[in-house]
Amino acid sequence: CRGFQEAEVLYAHIVQRFFDHPDAWIALSTLLIRTGRVNEAVGVIRAAQTGGPEGKFVKPRQDGGVLMTLAFAQHMRGHTAEPTSLYMLSANSGGGAAAIFLLKRIFEDGGDDENAETYATALMQVKVDVPEQL
């Protein structure tokens, strides 16, 4: 689709110019995922985590949304161990209810009912404490 191609060019330009903005990396990676290019999305979001050529940019590698996007892409590729760790990091780094929900789902998919219930309870607590996240 032409709109996706134009958006990809724009997002790629933005991440090259403003490397330290996590939302730009998330947008580019999400676009790649939406167009079925999950492997490319993983490469892009991993680049965000490196902190640039000299490792001096810290915002993307500490951002809960970046962590969650990488976890989601890896989960789509059929991985479970890394996404589980990344979802946990994301939940503790501002990933909010979405990270907790996806973590609950990964435990459900793996048949780990005890951990799935733990995160279901955590998600209900978010609903009580921070209802605007849901």
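As the structure is a prediction and not an experimental result, all values here were calculated from the model. (Residues numbered from 1 in each chain as written. Predicted model: local features only at pLDDT ≥ 70, side-chain atom pairs only at ≥ 80, totals over all residues. Heavy atoms only, no water.)

1. Some thoughts on the confidence of the model for the protein
Part 1: Scored by pLDDT, the protein comes out at a mean of 89, with 96% of its residues at no less than 70.
Part 2: Taking the mean pLDDT of every element in the protein, the minimum, 85, falls on helix 4 (residues 59–62) and the maximum, 95, on helix 2 (residues 22–34). (pLDDT = per-residue confidence, 0-100. Helix = DSSP H or I, 4+ residues; strand = E, 2+ residues; numbered from the N terminus.)

2. Overview of the pattern of salt bridges
Part 1: The tally for this structure, following the rule as stated, stands at seven salt bridges.
Part 2: A salt bridge links Arg 2 to Glu 6; the shortest N-O distance between them is 3.2 Å. In this pair, Arg 2 and Glu 6 both sit in helix 1 (residues 2–17), four residues apart, roughly one turn of the helix.
Part 3: The class of Glu 6 is partly exposed, set by a relative accessible area of 44%.
Part 4: Notably, a salt bridge pairs Arg 105 with Asp 109, separated by 3.8 Å at the nearest N-O pair. A residue pair is termed a helical-turn pair when its members lie 3 or 4 positions apart in one helix, as Arg 105 and Asp 109 do in helix 7 (residues 96–109) at four residues.
Part 5: Residue class for Asp 109 comes out exposed when judged on its relative accessible area of 51%. (Salt bridge = Lys/Arg side-chain N within 4 Å of Asp/Glu carboxyl O. Buried < 20%, exposed > 50% of the residue type's maximum accessible area, 1.4 Å probe, protein only.)

3. Things to note about helix 2
Part 1: Taking 1.5 Å per residue as the helical rise, helix 2 with its 13 residues ought to reach 18 Å, and the 18 Å between its terminal C-alpha atoms agrees with that figure.
Part 2: Taken together, the buried positions of helix 2 are occupied by Pro 22, Ala 24, Trp 25, Ile 26, Leu 28, Ser 29, Leu 31, Leu 32 and Ile 33.
Part 3: Where helix 2 is buried, its residues contact helix 1, helix 3 (38–50), helix 4 and helix 5 (64–76).
Part 4: Looking one or two places after helix 2, you find Gly 36, whose phi comes out positive at around 80°. (Expected span 1.5 Å × (residues − 1). Contact = heavy atoms within 4.5 Å.)

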